[in-house]
Amino acid sequence: RDLYPGLDVASLVERVEAGRHCRVRYGVDARTLDGFEAASFDRIVFNFPCAPVAGGADGNSERSGVADDAALAENRDLVRRFVAAAAPLLAPGGELHVAHKTRPPFAWWGFPGLAAAPSLAYRG
């Protein structure tokens, strides 16, 4: 909520929650998704996952096309753990949505294979 100065996040959240029985959650550890009931979600959405690091950087430099190996590994681990934690929370027929950039250095993360799970099908 506090990462985007000047952006009226509260009104955006209100718009999302006003439609289609959506709820926005803050402070959730995407690696574990603790505290949620199994098979309780029709959709789980994680837009632009990125592991937080000191100084607000993510270890990926979109401008230079260079990525820090440790940051890449941490971000890959974040997505793998998120998928593993989210899959059991999906109701039958539920969907897991992950939005991600497709050009370097983000393409180096390894989607779609990175988000693979036995109970999920990749739809591109």
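A quick note: this is a predicted structure, and the numbers were derived from the prediction, not measured.

Caption draft 1: Here's a closer look at the pattern of salt bridges. For the coordinates displayed, the defined rule picks out four salt bridges. A salt bridge links Asp29 to Arg31; the nearest nitrogen and oxygen atoms lie 2.9 Å apart. Residue Glu95 pairs with Arg123 through a salt bridge whose shortest N-O separation is 3.8 Å. Of this pair, Glu95 sits in strand β4 (residues 90-99) while Arg123 sits in the segment after β4, and the two are 28 residues apart along the sequence. Residue Glu95 is classed as partly exposed on the basis of its relative accessible area of 23%. Residue class for Arg123 comes out exposed when judged on its relative accessible area of 73%. Each of the salt bridges in this network shares a partner with another, and the network as a whole consists of Arg43, Glu95 and Arg123.

Caption draft 2: The environment of Val24, seen in detail. Summarising the element assignment, Val24 is placed in the loop between α1 (9-18) and β1 (41-47). A C-alpha to C-alpha distance of 6.9 Å links Val24 and Val13, two positions 11 residues apart in sequence. Once you skip the residues sitting within four places of it in the chain, Val24 turns out to touch Val13, Val16 and Glu17.

Caption draft 3: Up close: helix α2 (residues 69-86). End to end, α2 covers 26 Å across 18 residues, agreeing with the expected 26 Å (1.5 Å per residue, within 8%). Turning to α2, its buried residues are Ala71, Leu72, Asn75, Leu78, Val79, Phe82, Val83, Ala85 and Ala86.

Caption draft 4: A look at unusual backbone geometry. The amide bond that connects Phe111 to the next residue, Pro112, takes the cis arrangement and shows omega of 0 degrees. Position of Pro112 relative to the elements: it lies in the segment after β4. The phi angle at Ala39 is positive, at roughly 55 degrees, despite the residue not being glycine. Counting through the fold element by element, Ala39 comes out in the loop between α1 and β1. In the Ramachandran plot, Phe48 falls in the positive-phi region, its phi being about 50 degrees despite a non-glycine side chain. Within the element layout of this structure, Phe48 appears in the loop between β1 and β2 (60-61).

So, how was this worked out
Residues numbered from 1 in each chain as written. Predicted model: local features only at pLDDT ≥ 70, side-chain atom pairs only at ≥ 80, totals over all residues. Heavy atoms only, no water. Salt bridge = Lys/Arg side-chain N within 4 Å of Asp/Glu carboxyl O. Helix = DSSP H or I, 4+ residues; strand = E, 2+ residues; numbered from the N terminus. Buried < 20%, exposed > 50% of the residue type's maximum accessible area, 1.4 Å probe, protein only. Contact = heavy atoms within 4.5 Å. Expected span 1.5 Å × (residues − 1).

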